Each structure stands twice: as structure tokens, then as C-alpha cells.
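Each chain, written out:
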Amino acid sequence: MRMGVLDVGSNTVHLLLVDAHRGARPLPAYKQKTELRLVELLDDSGSISKQGAERLVKSCREAVEAAEDKGATSMLAFATSALREAVNGTAVLDRVREEAGVDLQILSGEDEARLTFLAVRRWYGWSAGRLLSFDIGGGSLELAAGGDEDPDIAVSLPLGAARLTRGWFTDDPPSKDEVRALRRHVRAEIASIIGDVNRYGTADRAVASSKTFRSLARVAGAAPSGDGPYVRRTLSRADVQDLVKKLASMTTSERAKLPGVSSGRAGQLLAGAIVADAAIDLFEVDEVDICPWALREGVILRRLDQIEGAGFGESDESG
């Protein structure tokens with residue numbers, strides 16, 4: 001069957017269609033992405049602006065039409081931190097439901113971390129041992145760790161690349177004082193949860209997902225996306241430390257010329273690098289593997305599990 005997942009994040013509205021069935025890897029069939037940057041469309045009260053709501057409705061309507069055109073039989077639609085935290089989030093969700101025909105479900109930060117971890121676990125398998133996963137979004141940083149498919153601990157921190165860029169930087173490039181202040185803030189936030197994560201045990205492998213980590217790895221010399229998902233890509237502690245210094249001295253337009261960096265993400269890449277550097281360093285990780293699967297795939301996998309579980313139960317009762 002062809003399933004659709006619509007991810008309304010802090011940066012983008014991303015539609016992914018996959019062909020999926022029991023016992024098989026979901027195969028990407030179609031992708032559509034709109035750079036919306038909801039986190040930048042908040043007014044001083046913390047509400048999504050009228051313009052932002054209109055653009056969101058339009059993007060969701062176009063995604064629904066695209067999914068129908070491509071033969072999707074079902075749609076899973078969810079929203080993350082930008083709508084979760086917006087003062088008028090409920091009203092905007094109602095408008096999207098009425099005008100675009102999409103019932104967006106709000107994921108909690110912990111849900112994001114758990115579903116991303118599921119995707120990472122399925123990608124690497126049981127042979128990877130105990131996993132520690134990092135995912136930097138536009139509004140938040142998700143961390144999870146565990147030896148099973150459901151992590152022992154899942155945490156979400158308000159350390160998204162777009163959020164931090166908007167809240168901490170005023171110049172382009174930012175001043176040394178602004179960079180230092182953000183670095184201090186990020187490290188204090190991450191340090192506050194390290195004990196909770198580590199008490200469950202040391203990870204055998206650290207994994208990172210999200211566009212931010214993929215871009216940083218590409219700038220550091222990882223293979224381009226065109227080489228396919230099965231090429232191993234990593235980001236070392238030393239590489240990300242160097243990247244923070246490099247990116248801090250560059251303007252947004254200069255960063256946009258780096259390999260693997262889109263113009264829409266260039267402005268927030270430094271903040272993302274500061275978060276990545278802090279996470280990798282404070283958890284004493286030498287390098288992270290870059291996972292091609294993340295939250296969207298986790299949502300799909302969980303849904304397939306639910307469908308298969310129901311099907312198994314029905315056949316069991318009928319026997």
C-alpha cells in the first residue's frame with residue numbers, strides 16, 4: 001500500500017509517500033517539501049501570524065492534493081514544536097482541518113524522540129547494541145537511548161537550530177559574545193540531562209539524524225546524498241568543533257555556498273553546529289553515524305506495526 005506522512009515542522013512542511021507492507025522496508029515513492037519556517041512566523045505574543053497560518057493552510061492543501069495524485073491510500077499528519085508551543089496553535093490546527101482537510105496531530109517532544117529512536121533502531125538493527133540518538137530540529141533537540149526498540153529514556157530540549165538563531169543572534173555573522181553566550185546556554189541545558197541518560201548505561205553506538213547533522217557531515221567531507229543511503233556517513237567530535245569555528249566567521253550567504261547546505265538552512269547552521277558540538281562533546285562521543293531515517297520514518301514504522309498487530313490479532317481469533 002502507498003502511505004503518506006505529512007510532517008509540519010518548525011522549518012518545513014514535508015510530504016513523504018512510501019510503498020510499504022508487512023515485513024518489507026518502506027520504499028520512498030515521492031517527496032515534496034515546502035520551506036515554511038513556522039518558527040520565524042511567530043509574533044511577539046508567541047502566536048503564529050495570520051500570514052504564517054495562511055501559508056501553512058496552503059502548504060497542507062497542496063500536500064494533500066499531491067498525495068491523492070500519487071495514489072496514497074492513507075495519510076499520517078503530525079506537527080512538532082512550532083505548533084505545539086504556539087499560543088494560538090489549537091486555532092491554527094482547526095483552520096488547517098477545515099480549509100485543507102488535514103487533521104494534524106501534535107507530537108510531544110518525548111514522542112518525537114521515541115519515534116526517531118525507533119527509526120534509528122530499525123535502520124541499524126540489533127547488532128548495533130545499545131544506541132544513543134541525537135536529532136536537531138528547527139525548534140528542539142531530541143535525545144534517546146536504549147537497547148530495545150523503545151528507548152529507556154527519551155528527552156526533548158528547546159535547542160532547535162531555528163529557535164536558537166532567532167533568539168540569540170542579532171548580527172550576520174554573530175559577534176563572538178553572542179556565540180559564546182549561546183554556547184554556554186546550550187551546554188548548560190544538555191549537561192542538565194546527561195546524568196538521567198547515562199544512568200541506564202553507556203551506548204555502543206551514537207547516531208545522529210536530521211537535516212542539520214546531514215549538512216554538517218557533508219561540509220566535513222561526508223559523501224553527498226546522491227551516493228545513496230547505504231554509504232556510511234559520520235561526523236567526528238573534532239570535525240564539529242572545527243565547524244563551529246569556521247561557521248562562526250562566515251555570513252549566511254557564505255555558508256550557503258558550502259556543499260550540502262541549502263540557502264534556507266544556511267542561516268541556522270551555526271546554531272545547529274553549536275548544539276551538535278555540545279551534545280557530542282558532553283556525552284563524550286568520538287563520532288556519530290548519520291542515519292538516513294528519522295522521525296517521518298519512525299511514524300510510518302509505528303503505524304505499520306499497529307496495522308500488522310491488529311491483523312495478527314484478527315487472524316488469531318478467527319483460527
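Refer to the structure presented above.
Analysis parameters
- Residues numbered from 1 in each chain as written.
- Predicted model: local features only at pLDDT ≥ 70, side-chain atom pairs only at ≥ 80, totals over all residues.
- Heavy atoms only, no water.
- 1 Å grid on protein atoms, 1.4 Å probe; cavity = no way out; pocket = protein on both sides within 12 Å on 5 of 7 lines; lining within 4 Å.
- Points joined across faces, edges and corners; volume = space filled by probe spheres on them.
- Helix = DSSP H or I, 4+ residues; strand = E, 2+ residues; numbered from the N terminus.
- Nonpolar A, V, L, I, M, F, W, Y, C, P; charged D, E, K, R; others polar.
- Domains from an automatic or database assignment.
- Buried < 20%, exposed > 50% of the residue type's maximum accessible area, 1.4 Å probe, protein only.
- Contact = heavy atoms within 4.5 Å.
- Pairing = 2+ DSSP bridges.

1. Considerations on the layout of surface pockets
Then comes step 1: A volume near 1200 Å³ is recorded for the largest pocket.
Then comes step 2: In terms of lining, the largest pocket is formed by 50 residues, of which the most central are S210, K211, R214, P292 and R296.
Then comes step 3: Sorting the residues of the lining of the largest pocket by element identifies β2 (12-19), β3 (27-35), α4 (109-124), β6 (131-136), α7 (211-219) and α12 (295-318) as the ones contributing at least two each.
Then comes step 4: Element by element, the count of residues in the lining of the largest pocket is highest for α7, at six residues.
Then comes step 5: The residue inventory of the lining of the largest pocket, partitioned by class, reads 18 nonpolar, 18 polar and 14 charged.
Then comes step 6: Each of domain 1 (2-106) and domain 2 (109-299) contributes no fewer than three residues to the lining of the largest pocket.
Then comes step 7: Roughly 260 Å³ of internal volume is contained in the second largest pocket.
Then comes step 8: In terms of lining residues, the second largest pocket is bounded by 17 residues, among which L132, T202, A203, F283 and V285 are the most central.
Then comes step 9: Those elements that provide at least two residues to the lining of the second largest pocket are β6, α6 (176-198) and β9 (205-209).

2. Remarks on the environment of T252
Then comes step 1: Looking at where T252 falls in the secondary structure, it is placed in helix α9 (residues 252-255).
Then comes step 2: Note on T252: relative accessible area 25%, which makes it partly exposed.
Then comes step 3: Between the alpha carbons of T252 and A266 there is a distance of 5.5 Å; along the sequence they are 14 residues apart.
Then comes step 4: Ignoring anything within four residues of it in the chain, the contact list for T252 reads D172, A266 and G267.

3. Points about α7
Then comes step 1: Residues of α7 that are buried: T212, F213, S215, L216, A217 and V219.
Then comes step 2: Positive backbone phi, approximately 115°, marks G221, located one or two places after α7.

4. What about the sheet that holds β2?
One key point about sheets: their strands pair by backbone hydrogen bonds, in either a parallel or an antiparallel sense.
Then comes step 1: Strand order in the open sheet formed by five strands is β3-β2-β1-β4-β5, with mixed pairing between adjacent strands. Edge positions in the open sheet fall to β3 and β5 (105-106), since each of these has one partner strand only.

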